[in-house]
Amino acid sequence: MSGKRKIINDPVYGFITIDHPLVYDVIQHPWYQRLRRIHQMAMAHLVYPGATHTRMHHSLGAYHLMCLALRELKNKGADISPEEEVGACIAILLHDVGHGPYSHALENTLVEDVPHETLSRYIMQVLNSGSGGALDLALRIFNGEYEKRFLHQLVSSQLDVDRMDYLNRDSFYTGVHEGVISYDRIIKMLTVQQGELMVEEKGIHSIEKFIIARRLMYWQVYLHKTVLSAENMLVNILRRARRLSLEGEALFGTPALRFFMQQRVDRSSFAEQPGCLQQFCLLDDYDILSAIKVWAGHPDRVLSALCSGLINRNLFRVELSLEPFSEERVARLRTELSKTLQLPPEEMDYFVFTGVAANRTYDISNEEINIFFKTGQVRDISSVDNALINNTLAIPIKKFYICYPKIEDR
């Protein structure tokens with residue numbers, strides 16, 4: 001037991017200490033170590049070259065912030081037992097373990113209609129069985145089934161340590177300073193009242209900055225138009241490859257990738273095929289990237305063109321609009337490109353397509369961020385007098401986009 005201790009030097013927070021044997025064992029598990037091989041920000045490194053950090057970086061950072069938050073709440077009198085502390089730490093460590101290759105970019109592509117949160121739950125259940133039920137409490141906290149609701153809110157809410165870390169970390173690695181938040185002050189201002197996670201009155205402005213930073217990061221980084229282009233190209237590559245595989249084409253791929261390319265995998269697959277989750281946990285970015293490099297030379301011109309474009313960063317042009325693009329515009333582009341690329345018109349949906357990028361700054365219909373005033377009053381951040389966060393910011397912002405290849409002299 002004494003040897004199960006680790007100190008990790010994190011570039012964002014400094015030293016992170018792993019000093020509980022169960023937490024140590026979770027981190028050492030191959031299914032957790034897989035997070036080293038999954039980009040946190042998918043294809044954003046094609047715009048921000050420094051954004052090559054991984055899901056493991058983020059997981060450990062969120063764990064560190066959870067430790068700080070629990071310590072602060074205990075110092076303020078919150079009733080948190082050592083078992084609950086470990087359970088909350090494991091819940092946040094594993095909150096993203098169900099992400100597939102390239103994180104959100106390929107969600108619902110290789111596995112249909114199964115969000116990563118559900119896959120995280122499946123993985124936690126298997127790890128729990130393998131440890132004799134040692135993760136029971138972590139699962140209850142993760143699922144929001146535990147009586148102390150504030151522990152789940154630290155894992156998943158509009159003010160959780162997950163968001164605190166990814167904003168701070170993604171800002172650090174992209175160099176986009178608009179995402180920097182006062183995470184340390186926010187944690188110092190946390191309190192538990194009526195069994196709920198709240199923020200002391202003194203922390204209002206730090207929370208406002210946290211919410212605005214999230215909005216800026218979405219439009220400047222996560223939904224950057226070039227990132228949208230690259231991630232849509234990635235999705236279309238997998239769509240095309242799967243179609244060819246299902247038609248009997250023998251495509252290069254690792255055994256795990258071929259498992260998902262040669263059949264439709266959905267929620268029922270995990271119940272009916274015991275090995276399905278095992279195959280999923282063998283998948284990471286390396287499987288996808290190695291296949292794309294090989295597919296760039298494939299005789300199928302649609303697949304090879306998409307793969308070559310992504311590998312060589314010859315990305316599709318993106319136009320943004322506040323209004324949907326007309327069907328006439330899309331049809332005209334497809335007709336022109338069909339002639340230029342010398343490909344059949346029915347293949348043009350891989351090359352000309354539209355979509356919607358949307359983000360809500362603060363969702364008042366979901367989990368609220370409550371402010372606890374010295375008077376004992378509790379108010380949602382959007383209803384605080386003179387607050388920057390109000391009902392206007394709760395309205396989703398939508399931007400319509402159209403993607404198509406860059407063709408000279410058009």
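Computed from a prediction, not measured in an experiment: that's the story for all the values here.

### Things to note about the sheet that holds strand S6 (residues 353-359)
- The strand order across the open sheet built from 3 strands is S5-S9-S6, with neighbouring strands paired in antiparallel fashion. Edge positions in the sheet fall to strand S5 (317-321) and S6, since each of these pairs with one other strand and no more. When the angles between neighbouring strand axes are averaged without regard to direction, this sheet yields 30°.
- Note that S6 and strand S9 (residues 397-404) share 7 bridges and pair antiparallel. Among the inter-strand pairings, Val356 is bridged to a residue of S9, identified as Phe400.
- Of the strands in this sheet, S6 and S9 touch helix H10 (residues 204-222), which is tilted by about 165° from S6.

### Comments concerning a positive patch on the surface
- Side chains of Lys225, Arg313, Arg317 and Lys406 sit close together on the surface and give a patch of like positive charge.
- With respect to the helices, strands and loops of the structure, Lys406 is situated in the segment after S9.

### Quick look at the packing of helix H5 (residues 116-130) against helix H6 (residues 136-143)
- Running from amino to carboxyl end, H5 crosses H6 at an angle of 165°, the nearest separation of the two axes being 10 Å. When the axes of H5 and H6 are compared, the pair comes out roughly antiparallel. Two packed elements cross with a definite hand, and for H5 against H6 that hand is left-handed. Contacts from Glu117, Ser120, Arg121, Met124, Gln125 and Asn128 of H5 reach H6 at Asp136, Ala138, Leu139, Phe142 and Asn143.

### Here we look at the packing of helix H8 (residues 161-174) against H10
- Two numbers describe how H8 lies on H10: the axes approach to 11 Å, and their chain directions differ by 45°. The pairing of H8 with H10 is recorded here as oblique in orientation. Note that H8 runs across H10; the crossing there is left-handed. Note on element contacts: H10 touches H8 through Phe210, Ala213, Arg214, Met217, Tyr218, Val221 and Tyr222, opposite Arg163, Met164, Tyr166, Leu167, Asp170, Ser171 and Thr174.

### Description of the side chain of Glu84
- The topology assignment puts Glu84 in helix H4 (residues 82-93).
- Of note is the side chain of Glu84, whose polar atom sits 3.0 Å from the side chain of Lys148.
- The residues contacting Glu84, other than those within four sequence positions of it, are Asp79, Leu137, Ile141, Tyr146, Lys148 and Leu151.

### Brief notes about the packing of aromatic side chains
- One pass over the structure, following the stated rule, counts 9 aromatic pairs.
- Ring geometry for Tyr122 against Phe270: centres 5.7 Å apart, planes inclined by 45°, an arrangement best described as tilted. Highlighted residues: Tyr122 in helix H5 and Phe270 in helix H13 (residues 267-272), separated in sequence by 148 residues.
- Classification of Phe270 by relative accessible area gives buried; the value is 13%.
- The rings of Tyr166, Tyr218 and Tyr222 are connected pair by pair, giving a single aromatic cluster.
- The positively charged end of Lys399 is found above the aromatic ring belonging to Trp219, 4.4 Å away from the centroid.

### Here we look at the environment of Cys281
- Summarising the element assignment, Cys281 is placed in the loop between helix H14 (276-280) and helix H15 (285-295).
- Judged by its relative accessible area of 4%, Cys281 falls in the buried class.
- Residues Cys281 and Gly100, 181 residues apart in the sequence, show an inter-C-alpha distance of 8.2 Å.
- What Cys281 contacts, discounting residues up to four positions off in sequence, is Trp31, Arg34 and Ile123.

### Some words on the sheet that holds strand S7 (residues 370-372)
- If you trace the 4 strands from one edge of the open sheet to the other, you get S3-S4-S7-S8, paired in mixed fashion. Two strands lie at the open edges of the sheet, namely strand S3 (190-193) and strand S8 (378-380), each paired on one side alone. The sheet shows a mean angle of 45° between the axes of neighbouring strands, taken without regard to direction.
- The pairing of S3 with strand S4 (residues 196-200) spans 4 bridges and is classified as antiparallel. Following the sheet pairing, Leu190 is matched in S4 by Val199.

### Observations regarding the nonpolar core
- Core analysis: the largest hydrophobic core is formed by 144 residues, its most contacted members being Leu234, Trp295 and Leu310.
- With residues up to four places along the chain from it excluded, the contact list for Leu310 reads Met43, Leu46, Ala230, Met233, Leu234, Ile237, Ile292 and Leu315.

Calculation rules
- Residues numbered from 1 in each chain as written.
- Predicted model: local features only at pLDDT ≥ 70, side-chain atom pairs only at ≥ 80, totals over all residues.
- Heavy atoms only, no water.
- Pairing = 2+ DSSP bridges.
- Helix = DSSP H or I, 4+ residues; strand = E, 2+ residues; numbered from the N terminus.
- Axes fitted to C-alpha atoms, helices over the stretch in contact; angles between N-to-C directions.
- Contact = heavy atoms within 4.5 Å.
- Patch = residues over 30% accessible without salt bridge, like charges linked within 9 Å, V, L, I, M, F, W, Y side chains within 5 Å.
- Areas by Shrake-Rupley, 256 points an atom, 1.4 Å probe, with all protein chains shown as cover.
- Salt bridge = Lys/Arg side-chain N within 4 Å of Asp/Glu carboxyl O.
- Lys, Arg positive; Asp, Glu negative; His and termini not counted.
- Charge placed at Lys NZ, Arg CZ, Asp CG, Glu CD.
- Parallel < 35°, antiparallel > 145°, perpendicular 65-115°, else oblique.
- Left-handed = near helix turned anticlockwise from the far one by under 90°.
- Polar contact = N/O pair within 3.5 Å; in protein donor to acceptor, adjacent residues only side chain to side chain.
- Phe/Tyr/Trp six-rings, centres within 6.5 Å; stacked < 30°, edge-to-face > 60°.
- Buried < 20%, exposed > 50% of the residue type's maximum accessible area, 1.4 Å probe, protein only.
- Lys NZ or Arg CZ within 6 Å of the ring centre and 35° of its normal.
- Core = buried A, V, L, I, M, F, W, Y, C linked by side-chain atoms within 4.5 Å.

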